[in-house]
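Residue-level structural notes
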Amino acid sequence: MKDWLFRLITLLATCLLACGSAGAAKQTVPPPVETAPPPAWVAPLRAEIGSTVPQAEISQGVYHLLVDTQVRADQRADPEFFFHYAQHIVNQTGVEQSAQIYIDFDPAYETLVLHEVAIWRDGRKLDKLQTARMSLLNREKDLDELLYNGEKSLHLILDDIGVGDTLDYSYSIKGYNPIFENIFAFAHYMEWSVPVRRLSIAVNWLKPQPLYHRLKGAGFKVKEAAIAGGTRYSVEKTDVKGLLRDENTPYWFDPYGVVRFSETKSWREVADWARPLMEASVSDGAEIARIAAGIAKDAAGPEQRIARALQYVQNQVRYFGIEIGENSHRPSKAEETLARRYGDCKDKTVLLLSILRALGIEAYAALVNSRMNRELKEVLPGISMFDHVIVNALYNGKTYWLDPTLQYQSGSLGAIHQPDYGYALVLKPGAAELTDARPLAQAPSGTEIKDSFDLTAGAGKPAVYTAHTRTFGRNAERLRSDLADSGVHGVQNDYLNFYKQYYPSIAALEPARFTDRPDSNEIEVNEKYFIDSMWEESAEEKRLYAWFYANSISPHLQKLKGGRRKQPLELDYPVNVRHSIEVALPDSSWNFNDEDFAENNDFFSFTSRTRFDKAARKLRFEYTYSSKTDFVPADDIDAYIKAYTRTDEQSRYGIYTDTASAGAGGNTHRGGDAKRGDIAEPDYALPLLIVYALLYATVFAAWRVHQAGRPFKGEMSWFPVTLPKFALMWIGTFGLYGLYWFYRNWLYVKQRDRSSIMPAARSLFANFWYYPLYEELRRDDAQRFTRSQLPPPAVAALYAALFLVAAAAACLSDYTIASSLAALALLLPLANYIQFINQDNAPALAHNSKWSPRHFLLLLLSTPLLLLLAGAEAGLLPSESVIPGNKLLHFNLKFLQRKGVVRPEDEIRYFYSDALLSMREDGSGFSDRHVFSYWVDEGRFFLESASYDEIKDLKVTWGGWNSPTAVEVIRKDDSRFTLYAATSGRKDKLFVDTLLERWKKMASGETAETITGTKP
C-alpha cells in the first residue's frame, strides 16, 4: 500500500509539474548546463526501434536498446565524453524508471551539454527537450560516507510518457579533473544484470603517445581503425545477455565484462604521478614535532609509538572529506588537517606519515582499491584504479599496513587488526610494481563463548541461560563500533533477536554487561536470559525435546545445494571461534555417550567434542571453528558442500525424555535425526468425508420432510426468526442459512405483489440484493410506522457495500470466519426488523424459530469444521489456500528450520500445505533463496529443495476445483520434484507468478527454457 501510494503521489506530482510547464515555448536549461547538437567528431548511431523484447530477462520494466559511449582524447584539450542511450518501456514500472533522468557531473571542471531528449511512439519522434522540466540538484551520493565532492545532478522530469514508448537521449560532458594532468584513463562495463540490444564503446585517440587497453569478458574484441590525426578504438556487440551474480559471491569478485584504456603502461608511471601529491603535504612543523615528542615520551618503544601514532590520528581527527576538484586526489597539508580536526583518507594518511617520520619510523603512503582487492593485480595500470590510501610502515624488518580511517582500534601494535586490501601501490622512491598487501603477521582475532543452560527445574520447565563471551582483535573493534552506533541497549536487543531464532520464548533476566580492555584489545560480555519454553513437546512421540546449538559457528557456514554454481562463494574470514556449552540436568538418571568429531579441509577446520559427567549431572559440548580462506572457487563448490553437510550435522545437539516420565531419564538425538512429530497420511480421511456427506444429506432430507408434512398455515409477514437462531444457523451452515432466509423473504415479496420476480435467483445472488431487500422493507416500514424502525438509506447503502465486500472476502480471502461473521452482523438490522414486526405473531415466529433434532445434528456436524477453519485462519492448522510465509507460527517455522527445510535467516514468501491437521506432514513453498517441498511417507521425512540458480525450468500445470496447481521444478542436472498450490481464492496464481518473478531475478545467466503450462 505504501509503495502504491508513493507511486500515485509521484505520478500526480509529475503530471502537475508537466501541466505547469506546458505553456512554455522552451524549457529553461539551468546553468552551467548547455544545449547543442552532438559534436562533429561523434559517429552517429541509431537505436533499433521495434526490436523484439526478451521478456524473461528484463528488469525494472525497460529493455535497453542502445548503450553508446564515445570519447575524444586530444593532447591540446581535455577529453570529451559523449553518451547516447535508448530504452524501450515495457510496463508501468518502466514508465516510472524512464520518466525521470539524472545526469551527474562535477561543475568544478566539467560542462554538461544536452543534445537530445526524445520519445519514439508509433514510428514518430517526439521532442521532449523543449517540455522537460529541469533542475540542478546537489545530490552528494557519498555524503552518507562523510564525503562531500561537489557533484551536481541535472534532473529531468518528462511529460507524456507511457508503456510502449522508447526513450532516446544523448549528452556530452566536457572536462577532466586537472589533478590528472591530462593523463588519460577510462573504463567501461560491457555487461550488466540486464540485456542490451546494441553496445558500442569507442575512444578517438589523438595523442602522439600510445594508448593501452585490456579487455575482460568473453565474446568481446577491441578493434583499431585509423582516423584523421590518430586511431579509433572500439568495442561493439549486439544482443548482450544479462548476467546475474550468484548469491554470496566475494565482494571483490566482478563477473561482468569490462574494457579499460590507459596511457600509462606501468605502475611506475602511476606512482611517479601520485608520489609528489602525497609528499608535498607531509609536514615536519612544530605542532607535528610536539605531538611526536609526547608519543615518544609515553610509549615504551618503537612498536608502541607506531600504535600510539595510529590511534592518535584515528581518534583525534574525525573522518570527513571535501573532495571538490583537485581535492579528490590532492591531500591537505598535515598541519591544516591537524588544525581543523577532520580529513579524508589521504588527509589522515599524510598526517600519520608526518608523525611517524617525526618518530623516526620509515613510512609511505600506499594506494589501494577497497573493492577490487586481489583482482587489482589483473587490471591495466591506470591513475584512476585506486579509491583509498593507507600507510605502509616499516620497522625491524616487519611491514605494517595501517588504516588511519578505521576506528576503535586499541592496544599494542601486535593486537591491532591490519586491513587486507589485497595489493597496494606503495609510493616509495623507485616503486614500479604492486605490493602484496596481505599482512604477514596478523593480530590474533576471534571469539570465545561459554554458554550455560540450567535445566535443573525439570523437563518441561523453564530454563536459565547464561553466556560469557570474550572477543578480541578485529572482533573487539567491530563490537566497539556497534556499541558506539547502537548503544548497549541496541546491541543487547540485537543479541536477543538472534537468540529468538533458536528459542522464541527467550527474555533477558538482566542487562548485558560489557567490559572493555583496550590495552589487550578485547571485550568481555556477560548475559543472562530466561527461556520459558526450552522444552518442545512432540505429542505423537510422547516426548519432550531440548536443543542446543553452536550458533556462533553456524552463521559462518554457507549452506548450498548442488554443485552447479559457476561463481566463487564468499566465506567469512578470518574467523576463529571457540564455543563451549554446559548443560545442568535435572537429575542423575540421564545417560549420554561421549563423542568426538573433526572436519579439516581447504576451507575451514571444525571440531566438536561431547562429554557427560554423570556424577555432576553435567553435559558438555566444545566446538571450534577456524576459517582458512575468504572464498571457495567455483570448481570446489561440491567439496565445500560435502564438508558443510558433515559439519552442519554436528553443530546442534538434542536431548529428549518421555513425557510420561519427564525429568526421570533421557536420551539424545543428534541434529535432525529425531522424528519430531512426523505423521503419516491418515487412512480415515475418505470414510470420514463420506460419513459427513451422508449426515448432511440426512439433515437436508429431514428438513424437506418437515416442510412437506407440517407447513405453517397461519399469517406471516416476511420470514420471521429469532436472532439467536438466525445467528447460530448462519454460523452452523457457513452462511448457507442466509440464502434460505433471503429466499423466503423474496418469496413473500413475490406472493404479496403477485410479481414475476425469481426468489431463488435473488437468494443465490444475495450479495447484490441486500439494498433492494432493504428498500422493500423500508416501504413496509413506511406503511406501518410514522417513525422509521430501519437504518437511514445512506447507512443502508454503506451496509450493502460492506456486505458485498464481506461476502466476497468470505469466499476469496483467508479469513472466511471473520468475513462471514461481518456479513452476519450487517444482516442483523434487517432480520431484527422482521422479528420486530412479527412480535405479536407468536405462532409464525415460534414455528420458524423452533429447534429440532436436525438443527442440533447440523451444529454438531459443523463444529469440527468450524474449529478446523478457525485453526487454519489462526495458523494453528494448515490453510486450505496458499498463505504468506509471515503467517507461519513460530513452532511450525522452527520445525522447518530443524528439518533443514529453511535456514533461520530465510524469509519464506509463500507456503501451502495439503495436510489436514499438521503442516509437518506436507508442505511446498519458496523463500528469497530457494524452493522446497517436503512430505512424510510411512513415518519417513522426505525433502527436496533447489536454489534459484540450480533451476533450469519451471513447468506449471494449473489445477481445477478439485486438484491443486502443480509446479514441476527441473534442476539443471534434469532431476525434478513438484511444488503444489491450492487454487482456493486464486492464490495459486499469486504463488506461481511471484515464484516465476523471483526465479527470473535470481537465476544464473544461462537462458532459461520456455515456461510451459495451460493458463487458468
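Before reading further, recall that the structure is shown in the block above.
An account of the accompanying structure is given in this report.

Here is what the cut-offs are and how they apply
Think of each chain on its own: its residues are numbered from 1, step by step along the sequence as written. Residues qualify for local features only when their pLDDT is at least 70, as the model is predicted, and side-chain atom pairs are given and counted only at 80 or more; totals for whole chains, interfaces and linings, by contrast, use all residues. No hydrogens and no water enter the side-chain calculation; it runs on all heavy atoms of the structure. To qualify as a helix, a DSSP run of H or I must reach at least 4 residues; to qualify as a strand, a run of E must reach at least 2; elements of each kind are numbered from the N terminus. Residue burial is assigned from relative accessible area. The probe radius is 1.4 Å, only protein chains are included, and a residue is buried under 20% of its type maximum, exposed over 50%, and partly exposed in between. Working rule for contacts: check all heavy atoms of both residues, and any pair within 4.5 Å makes them a contact. Working definition of accessibility: Shrake-Rupley area with a 1.4 Å probe, residue cover restricted to the visible protein chains. Strands are labelled as partners when DSSP assigns at least two bridges between them. Axis definition: a line fit to C-alpha positions, over the contact stretch in the case of helices; interaxial angles, taken between N-to-C directions, run 0 to 180 degrees. Working definition: roughly parallel below 35 degrees, roughly antiparallel above 145 degrees, roughly perpendicular at 65 to 115 degrees, and oblique for all remaining angles. Crossing handedness is defined as follows: a turn of the near helix away from the far one that is anticlockwise and smaller than a right angle gives a left-handed crossing, while the clockwise case is right-handed. Think of it as three bins: nonpolar holds Ala, Val, Leu, Ile, Met, Phe, Trp, Tyr, Cys and Pro, charged holds Asp, Glu, Lys and Arg, and polar takes everything else, Gly as well. Ring pairs shown here join Phe, Tyr and Trp side chains whose ring centres sit within 6.5 Å, with only the six-membered ring taken for Trp; geometry is labelled stacked below 30 degrees between planes, edge-to-face above 60, and tilted in between. Over a ring means this: the NZ of a Lys or the CZ of an Arg is within 6 Å of the ring centre and within 35 degrees of the ring normal. The term polar contact refers here to a pair of N or O atoms within 3.5 Å; inside protein, the definition further demands a hydrogen-donor-capable atom paired with an acceptor-capable atom, and it admits residues adjacent in sequence only when both atoms are side-chain atoms. Buried Ala, Val, Leu, Ile, Met, Phe, Trp, Tyr and Cys residues form a nonpolar core when they are joined through side-chain atoms within 4.5 Å. The rule for a salt bridge is simple: a side-chain nitrogen of Lys or Arg has to be within 4 Å of a carboxyl oxygen of Asp or Glu. The patches described consist of residues with a relative accessible area above 30% and no salt bridge, like charges being joined within 9 Å and nonpolar side chains (Val, Leu, Ile, Met, Phe, Trp, Tyr) within 5 Å.

Another aspect to go through is the overall build of the chain. Helices and strands together make up the secondary structure of the chain, namely 20 helices and 46 strands. When the 1016 residues of the chain are sorted by exposure, 49% land in the buried category. Pairs at least 24 residues apart make up 70% of the contacts formed inside the chain by residues separated by at least 6 positions. As presented, the chain carries roughly 47600 Å² of accessible surface, and 54% of it is formed by carbon and sulfur atoms.

A few words now on the environment of Val163. Tracing the backbone shows Val163 in the loop between strand 9 (152-157) and strand 10 (166-174). When its relative accessible area of 49% is taken as the criterion, Val163 is described as partly exposed. Residues Val163 and Gly61, 102 residues apart in the sequence, show an inter-C-alpha distance of 9.2 Å. Those residues in contact with Val163 that sit more than four places away from it in its chain are Ile89, Val90, Asn91, Gln92 and Val95.

Let's shift gears to the sheet that holds strand 23 (residues 423-426). Reading across the sheet, the five strands line up as 22-21-20-23-24 and stay open at both edges, with antiparallel pairing between neighbours. Both outer strands of the open sheet, strand 22 (398-402) and strand 24 (435-436), are each paired with one neighbouring strand and no more. Examined bridge by bridge, strand 21 (residues 388-395) and strand 22 share five bridges and lie antiparallel to one another. Residue pairing in the sheet places Ala393 in a bridge with Tyr400 of strand 22. This element, helix 7 (residues 345-358), spans strand 20 (362-368), strand 21 and strand 22 of the sheet and lies at about 15 degrees to strand 21.

Before going further, it helps to spend a moment on the packing of helix 12 (residues 736-753) against helix 14 (residues 770-784). Look at helix 12 against helix 14: their axes get within 12 Å of each other, and the N-to-C directions meet at 50 degrees. Judged on the interaxial angle alone, helix 14 and helix 12 are oblique. Here helix 12 runs over helix 14; the crossing is left-handed. From helix 12, Trp741, Phe742, Asn745, Trp746, Val749, Arg752 and Asp753 reach across to helix 14, where they touch Tyr770, Pro772, Leu773, Glu776 and Arg779. Across the contact of helix 12 with helix 14, the residue classes tally to seven nonpolar, one polar and four charged.

Applying the stated rule across the entire model yields 52 aromatic pairs. In this structure, Arg340 packs its charged tip against the face of Tyr342, placed 4.9 Å from the ring centre. A cation sits over an aromatic face here: Arg543 above Tyr656, 4.0 Å from the ring centre.

With that out of the way, let us pick up the side chain of Arg121. Inspection of the secondary structure puts Arg121 in strand 5 (residues 111-121). A polar atom in the side chain of Arg121 sits 2.9 Å from the backbone oxygen of Asp160. At a separation of 2.8 Å, a polar atom in the side chain of Arg121 contacts the side chain of Asp165. Those residues in contact with Arg121, other than ones at most four positions away along the chain, are Leu126, Asp160, Ile161, Gly162 and Asp165.

A few words on the nonpolar core. With 98 residues, the main nonpolar core has Leu156, Ile355, Leu356 and Leu402 as its most contacted residues. For Ile355, the contacting residues outside a window of four places in its chain are Ile288, Ile291, Ala292, Ile295, Ala309, Tyr312 and Val313. By size, the runner-up hydrophobic cluster in this structure holds 52 residues, among which are Tyr529, Leu557, Trp590 and Tyr625.

Moving on: unusual backbone geometry. Residue Pro574 is reached from Tyr573 by a cis peptide bond, and omega for that bond is -5 degrees. Positive phi, close to 55 degrees, is recorded for Asp239, a residue that is not glycine. In this structure, Asp239 sits in strand 15 (residues 230-240). Located in the positive-phi region is Arg341, a residue other than glycine, with phi close to 65 degrees. Within the secondary structure, Arg341 is located in the loop between helix 6 (334-340) and strand 19 (342-343).

Because an α-helix completes one turn every 3.6 residues, residues spaced three or four positions apart along the sequence face the same direction. What helix 19 (residues 890-898) keeps buried is the set Asn892, Lys894, Phe895, Leu896, Gln897 and Arg898. Looking at the packing, one finds that the buried side of helix 19 touches strand 29 (536-538), strand 30 (543-549), strand 37 (652-658), strand 40 (908-912), strand 42 (930-937) and strand 43 (940-947). One or two steps after helix 19, the chain reaches Gly900, where phi turns positive at roughly 80 degrees.

Enumeration over the complete set of coordinates arrives at 45 salt bridges. Residue Asp658 pairs with Arg543 through a salt bridge whose shortest N-O separation is 3.8 Å. Here Arg543 lies in strand 30 and Asp658 lies in strand 37, a separation of 115 residues in the sequence. According to the relative accessible area criterion, Asp658 is partly exposed, its value standing at 38%. In this structure, the salt-bridge partner of Asp928 is Arg909, at a minimum N-O distance of 2.5 Å. With Asp928 in the loop between strand 41 (922-927) and strand 42 and Arg909 in strand 40, this pair connects stretches of sequence that are 19 residues apart. Here the salt bridges do not stand alone but share partners, grouping Arg121, Lys128, Asp159, Asp160 and Asp165 into one network.

Before going further, it helps to examine the sheet that holds strand 32 (residues 576-584). Hydrogen bonds between backbone atoms are what pair the strands of a sheet, whose relative direction is either parallel or antiparallel. Pairing is mixed across the open sheet formed by eight strands, whose spatial order is 27-28-26-25-32-35-34-33. With one partner strand each, in any of the chains shown, strand 27 (506-517) and strand 33 (595-600) form the two edges of the open sheet. Pairs of neighbouring strands in the sheet enclose a mean axial angle of 10 degrees, with direction left out of account. Note that strand 33 and strand 34 (residues 604-613) share six bridges and pair antiparallel. Pairing of Glu599 across the sheet is with Phe606, part of strand 34. Those strands touched by helix 8 (residues 474-500) are strand 25 (446-454), strand 26 (463-472), strand 27 and strand 28 (522-531), and its axis lies near 170 degrees from that of strand 27.

In terms of residue burial, strand 16 (residues 258-262) counts as a mostly covered element, since five of its five residues are buried. Covered by surrounding structure in strand 16 are Val258, Arg260 and Ser262 together with Val259 and Phe261, the residues of both alternating faces. In this sheet, strand 16 lies alongside strand 11 (residues 185-189) in antiparallel orientation, the contact comprising five bridges. By the bridge assignment, His188 is partnered in strand 16 with Val259. Here strand 13 (residues 212-216) pairs with strand 16 via five bridges, running antiparallel. The partner of Tyr212 across the bridge, within strand 16, is Ser262.

Between helix 4 (residues 286-298) and helix 5 (residues 302-316), the least distance of the axes is 9 Å, while the angle of their chain directions is 135 degrees. The pairing of helix 4 with helix 5 is recorded here as oblique in orientation. Where helix 4 crosses over helix 5, the handedness of that crossing is right-handed. Contact residues: helix 4 offers Ile291, Ile295, Ala296 and Asp298, while helix 5 offers Gln304, Arg305, Arg308, Ala309 and Tyr312.

Moving on: a nonpolar patch on the surface. Taken together, the side chains of Leu764, Phe765, Phe768 and Leu804 present a nonpolar region at the surface, about 440 Å² in accessible area. The residue Phe768 is located in the loop between helix 13 (759-764) and helix 14 in this model. Looking at Phe768, the relative accessible area reads 55%, which means it is exposed.

Right, let's talk about the environment of Thr447 for a bit. Looking at the element boundaries, Thr447 is found in strand 25. Taking the C-alpha atoms as reference points, Thr447 and Arg470, separated by 23 residues in sequence, lie 5.8 Å from one another. Sequence-distant contacts of Thr447, that is, excluding residues within four places in its chain, are made with Thr469, Arg470, Thr471, Phe472, Asn475, Asn576, Val577 and Arg578.

Purely geometric stuff here, so don't read any function into it on its own.
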